[in-house]
Amino acid sequence: MSLKHVVIGGGTGFVGKRLAKCLLADGYEVTTISRMPAIKAMTWHDLEKDGLPEGTSAVVNLAGQNVLDPTRRWTPGFKQNVWNSRINSTAACARAIERATVKPRVFVSISGVSHYAAGPKPNTEDSAPVEHDFMSRLCVEWERAANLGDNSTCRGVKVRSGVVIGREGGMIASLILPFWFGAGGPIGDGSHDLPWIHVDDLCGMIKFAIEKPEVKGVLNGVAPQLITNKDFTKAFASALFRPAFFPLPELVLNLIFGKERAVLLTKGAKVVPKRVQELGYQYRYPDIQSACKDVARLFPPK
């Protein structure tokens, strides 16, 4: 079996594209799973019908409807789509792994830090999940869908990702214009915690999990520096050489996104990557200042 053939669910998304680029640069073969057929890609229907490509050594699932799409109202139908797109794709990957005659060595699935409730206590990978709202229940079921059989020879790794900092997508793509024109600012008073990670470190952590056989179980996919929304605002504005005096009221975000999903922006938990550091992962961007400097440009890199 090839040691370097990775199948990526959601490989055409913001993080998936960066992960594929990172793996290809290091000599991996990459096959993406998406809704549309393409070169070096398969559809979710292909996965269900034909299973994993021969020689698959690792499976990574990053698929899921963009929760914070401001063009989509928070209707019951959209909520169901957010739920199904994550859980069904993860379960499809798990089924394909279990059906494979020669199993991949590792299955890396992504969920979120909404497992952890806001509060003064730092949460490590050993902290118990708290089902307190829609997002937390989603994360619990998302991880449950990634479970493999007790006797499976495939190693399972579950990465609970914080807010991903990268110029090509996510929060930065939404904030760059208002901040560029000096209209940026904190959300509310900016005092809530903001668990975060640079996209290169999230991809690096996934690659680390693929390559290190001792890595299994839950990893908190966050940077080691604990920050608040106010800390991020100050660092991003400083990297752009812009002021950031215009706070965005929480009420406005609740109106735009609906209160149930606005919590991703208005609430946050203290999340610490204890196991990640114990396992020896080396961060490229351990602090928010260096991460913001990397993404502080009006146009994304080609």
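The structure we're discussing is the one just above.
Residues numbered from 1 in each chain as written. Predicted model: local features only at pLDDT ≥ 70, side-chain atom pairs only at ≥ 80, totals over all residues. Heavy atoms only, no water.

## Quick word on the pattern of salt bridges
- Under the counting rule described, the total for this entry stands at 15 salt bridges.
- As a salt-bridge pair, Lys40 and Glu29 come within 3.5 Å of each other at their nearest N and O atoms. Of this pair, Lys40 sits in the loop between strand S2 (29-34) and strand S3 (41-43) while Glu29 sits in strand S2, placing them 11 residues apart in sequence.
- The class for Lys40 is exposed, based on a relative accessible area of 52%.
- Among the residues examined, Glu29 registers a relative accessible area of 35% and is labelled partly exposed.
- With a shortest N-O distance of 3.2 Å, Lys49 and Asp50 are connected by a salt bridge. (Salt bridge = Lys/Arg side-chain N within 4 Å of Asp/Glu carboxyl O. Helix = DSSP H or I, 4+ residues; strand = E, 2+ residues; numbered from the N terminus. Buried < 20%, exposed > 50% of the residue type's maximum accessible area, 1.4 Å probe, protein only.)

## Some thoughts on the packing of aromatic side chains
- Applying the stated criterion to the full structure yields seven aromatic pairs.
- With centroids separated by 5.7 Å and ring planes inclined at 50°, the aromatic side chains of Trp83 and Phe134 adopt a geometry described as tilted. Taken together, the residues Trp83 in helix H3 (residues 76-99) and Phe134 in helix H4 (residues 134-145) connect sequence positions 51 residues apart.
- Ring plane angle 20° and centroid distance 5.5 Å describe the contact between Phe232 and Phe236, whose orientation is recorded as stacked. One end of the pair, Phe232, and the other, Phe236, are both in helix H7 (residues 229-240), four residues apart, so they sit about a helical turn from each other. (Phe/Tyr/Trp six-rings, centres within 6.5 Å; stacked < 30°, edge-to-face > 60°.)

## A look at the packing of helix H5 (residues 170-180) against H7
- Running from amino to carboxyl end, H5 crosses H7 at an angle of 60°, the nearest separation of the two axes being 11 Å. When the interaxial angle is binned, H5 and H7 end up oblique. Taken as a pair, H5 and H7 cross one another with a handedness that is right-handed. Here Met171, Ile172, Leu175, Ile176, Phe179 and Trp180 of H5 come into contact with H7, specifically with Phe232, Thr233, Phe236, Ala237 and Leu240.
- Its residues assigned to classes, the contact of H5 with H7 comprises 10 nonpolar, one polar and no charged. (Axes fitted to C-alpha atoms, helices over the stretch in contact; angles between N-to-C directions. Parallel < 35°, antiparallel > 145°, perpendicular 65-115°, else oblique. Left-handed = near helix turned anticlockwise from the far one by under 90°. Contact = heavy atoms within 4.5 Å. Nonpolar A, V, L, I, M, F, W, Y, C, P; charged D, E, K, R; others polar.)

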